[in-house]
Amino acid sequence: MGGDPARQDGVRPLLQKFDQRLVELIRVVYPDEQQRPGYARLAREISAATGGSISGTYLWELASGKKRNITLEQLDVLAQFFGVPPEYFLNEEVSQRVKAQLELATALRDAKVRSLAMRASGLSPASLDSLLTIVNETRKTQNLPEVDRQAAEPDAGTDGGTRAP
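Residues numbered from 1 in each chain as written. Predicted model: local features only at pLDDT ≥ 70, side-chain atom pairs only at ≥ 80, totals over all residues. Heavy atoms only, no water.

Q: A description of the overall build of the chain should follow, citing residues and the corresponding values.
A: Within the chain one finds eight helices and zero strands. The N-to-C order of helical and strand elements in the chain reads α-α-α-α-α-α-α-α. Residues counted as buried form 30% of the 165 residues belonging to the chain. Contacts spanning at least 24 positions in sequence make up 61% of the contacts within the chain whose residues lie at least 6 apart. In the structure as shown, the chain presents an accessible area of about 10,900 Å², 52% of it carried by carbon and sulfur atoms. (Helix = DSSP H or I, 4+ residues; strand = E, 2+ residues; numbered from the N terminus. Buried < 20%, exposed > 50% of the residue type's maximum accessible area, 1.4 Å probe, protein only. Contact = heavy atoms within 4.5 Å. Areas by Shrake-Rupley, 256 points an atom, 1.4 Å probe, with all protein chains shown as cover.)

Q: Break down the packing of helix α1 (residues 18–29) against helix α4 (residues 72–82) for me, with residues and values.
A: α4 packs onto α1 with a crossing angle of 30° between their chain directions and a minimal axis gap of 11 Å. Judged on the interaxial angle alone, α4 and α1 are roughly parallel. You can see that α1 and α4 cross each other, and the crossing is left-handed. Facing F18, L22, L25, I26 and V29 of α1, the residues of α4 in contact are L75, L78 and F82. Residue composition of the contact of α1 with α4, grouped by class: eight nonpolar, no polar and no charged. (Axes fitted to C-alpha atoms, helices over the stretch in contact; angles between N-to-C directions. Parallel < 35°, antiparallel > 145°, perpendicular 65-115°, else oblique. Left-handed = near helix turned anticlockwise from the far one by under 90°. Nonpolar A, V, L, I, M, F, W, Y, C, P; charged D, E, K, R; others polar.)

Q: So, the side chain of T50: which residues are in play, and what are the values?
A: Here T50 is to be found in helix α2 (residues 39–50). Polar side-chain contacts of T50 include one of 2.7 Å to the backbone oxygen of I46. One polar contact links the side chain of T50 to the main-chain amide nitrogen of G52, over a distance of 3.0 Å. If near-sequence neighbours (up to four positions away) are discounted, T50 is found in contact with V77, Q80 and F81. (Polar contact = N/O pair within 3.5 Å; in protein donor to acceptor, adjacent residues only side chain to side chain.)

Q: I'd like to hear about unusual backbone geometry, residue by residue, with values.
A: The phi torsion at N143 lies on the positive side, around 55°, for a residue other than glycine. Tracing the chain through its elements places N143 in the loop between α7 (125–141) and α8 (149–152).

Q: Lay out the confidence of the model for the chain with the relevant residues and their values.
A: The share of residues in the chain with pLDDT of 70 or more is 80%, and the mean pLDDT across the chain is 83. Scored below 50 in pLDDT, residues 154–165 shows 27 contacts in the model against residues more than four places distant or in partner chains. (pLDDT = per-residue confidence, 0-100.)

Q: Explain the nonpolar core to me, and be specific about the residues and the numbers.
A: Membership of the largest hydrophobic core comes to 29 residues, with the highest contact counts inside it found for L22, L78, F82 and F89. Within the residue set of this core, elements represented by two or more residues are α1, α2, α3 (56–64), α4 and α5 (92–107). Of the residues forming this core, the biggest block, seven residues, is contributed by α1. Contacts of L22, omitting those with residues within four sequence positions, involve L59, L62, A63, L78, F82 and F89. (Core = buried A, V, L, I, M, F, W, Y, C linked by side-chain atoms within 4.5 Å.)

Q: An account of the pattern of salt bridges is needed here, citing residue identities and associated values.
A: Here the structure, examined in full by the defined rule, presents six salt bridges. Where K17 meets E92, a salt bridge forms, and the shortest distance between an N and an O atom there is 3.3 Å. Residue K17 is located in the segment before α1, and its partner E92 is located in helix α5; the two are separated by 75 residues in the primary sequence. Here R68 makes a salt bridge to D19, at a shortest N to O gap of 4.0 Å. (Salt bridge = Lys/Arg side-chain N within 4 Å of Asp/Glu carboxyl O.)

Q: Give a description of the environment of Q16 that names residues and reports values.
A: Its place among the elements puts Q16 in the segment before α1. Taking the relative accessible area as the measure of exposure, Q16 reaches 26% and is therefore partly exposed. For the pair formed by Q16 and R68, sequence separation is 52 residues and the distance between their alpha carbons is 8.8 Å.

Rendered as structure tokens:
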């Protein structure tokens, strides 16, 4: 039989981005690389928080893409720990919605960003549009990338909140 057209580079499409999504979650929850736990400690934290079991070695293998045979139980444990729906790891649409929420949560870590958002609350739509124009122009002058509209305005009714970073 010929090659399976549903496979790319020998990897089933369902698992193609699993490792990238796991690494992204680890970076969001532990943004400071110096403070980020190793896989053994992270596995212990996951077990303590969820009551589930996953080894540090296996967690590293999943994050590095060396292993892709995750069980439903392990998938559920990871989703529970990181506060995402299990579908985040397997579904592109869910992953994009959660990623937008993660980007928002990451931006809100900055006290000045939170202060700006709180002060803008209650302003008229016209005033908010003016502020957005000012912020967008300031980003351009500082050579910062445009903010993805979906990331800036995630759907209010999305499923599965993310763990507070």
